[in-house]
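For reference, the chains in residue letters:
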Amino acid sequence: CFSLRRVSIPNCSIDDYAFTTCYTLDPIYLPESLTEIGTSAFGGCGVLRELRLPDSVRLVDYGAFSYCSSLSQLELGSGLVQLGNEAFCNCPSLYELYIPASVESIGAYAFAATGSGLRRVFCLSETPPVLGDYSVFDDSSFDLEIFVPAASLEAYKSAEFWSSMAHKIKAL
């Protein structure tokens with residue numbers, strides 16, 4: 001599907017590998033009924049610049065948007081519960097990220113390999129989401145700052161795997 005440029009999804013889930021390496025795909029219109037995005041569903045969609053996940057999406061699975069090298073604007077919906085391993089790995093154009101309060105778990109390498117791109121992360125949950133391991137933001141900007149609710153600052157700094165990034169965690 002190298003020449004596919006636009007897609008509108010009518011279903012409530014997107015199957016594994018559905019649009020993998022559809023390099024020219026941009027934009028993607030996701031319906032409010034969508035609940036799950038499968039493994040590598042949009043992996044390698046290198047031209048994709050903007051993505052808005054509807055509030056209905058609860059799961060973004062393994063590598064769903066990995067290697068989307070042009071993705072610079074990402075809006076995660078308020079119903080998102082789980083981000084799989086490598087969900088947005090190798091997305092070097094991401095600069096800023098808001099993780100909604102609904103997120104309970106973030107898989108290993110979910111936002112890794114953003115190079116110098118990812119600079120600011122706002123994690124809005126009062127309770128630190130469970131991390132797959134310490135690698136969630138591996139190979140991100142040296143200057144990466146992670147902002148969390150002020151009342152939860154110490155909880156984040158002492159939570160498993162978050163503690164390895166304690167020096168980057170700051171109060172909102």
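Cut-offs used in this document
- Residues numbered from 1 in each chain as written.
- Predicted model: local features only at pLDDT ≥ 70, side-chain atom pairs only at ≥ 80, totals over all residues.
- Heavy atoms only, no water.
- Pairing = 2+ DSSP bridges.
- Helix = DSSP H or I, 4+ residues; strand = E, 2+ residues; numbered from the N terminus.
- Buried < 20%, exposed > 50% of the residue type's maximum accessible area, 1.4 Å probe, protein only.
- Polar contact = N/O pair within 3.5 Å; in protein donor to acceptor, adjacent residues only side chain to side chain.
- Contact = heavy atoms within 4.5 Å.

Some remarks on the sheet that holds strand 12 (residues 130-131)
So, step 1. Pairing is parallel across the open sheet formed by 6 strands, whose spatial order is 2-4-6-8-10-12. Where the open sheet ends on each side, the last strands, each with one partner, are strand 2 (13-14) and strand 12.
So, step 2. The pairing of strand 4 (residues 36-37) with strand 6 (residues 59-60) spans 2 bridges and is classified as parallel. Pairing of Ile-37 across the sheet is with Val-60, part of strand 6.

Quick word on the side chain of Ser-141
So, step 1. Residue placement: Ser-141 occurs in the loop between strand 12 and strand 13 (145-148).
So, step 2. Take Ser-141: its relative accessible area is 5%, and that puts it in the buried class.
So, step 3. Here Asp-143 takes part through its backbone nitrogen, which lies 3.1 Å from a polar atom of the side chain of Ser-141.
So, step 4. When sequence neighbours within four positions are dropped, the list of residues in contact with Ser-141 reads Gly-115, Ser-116, Leu-118, Arg-119 and Lys-168.

Some thoughts on the environment of His-167
So, step 1. By secondary structure assignment, the location of His-167 is in the loop between helix 1 (153-158) and strand 14 (169-171).
So, step 2. With relative accessibility at 63%, the residue His-167 sits in the exposed group.
So, step 3. In this structure the C-alpha to C-alpha distance between His-167 and Ile-146, which are 21 residues apart in sequence, comes to 9.3 Å.

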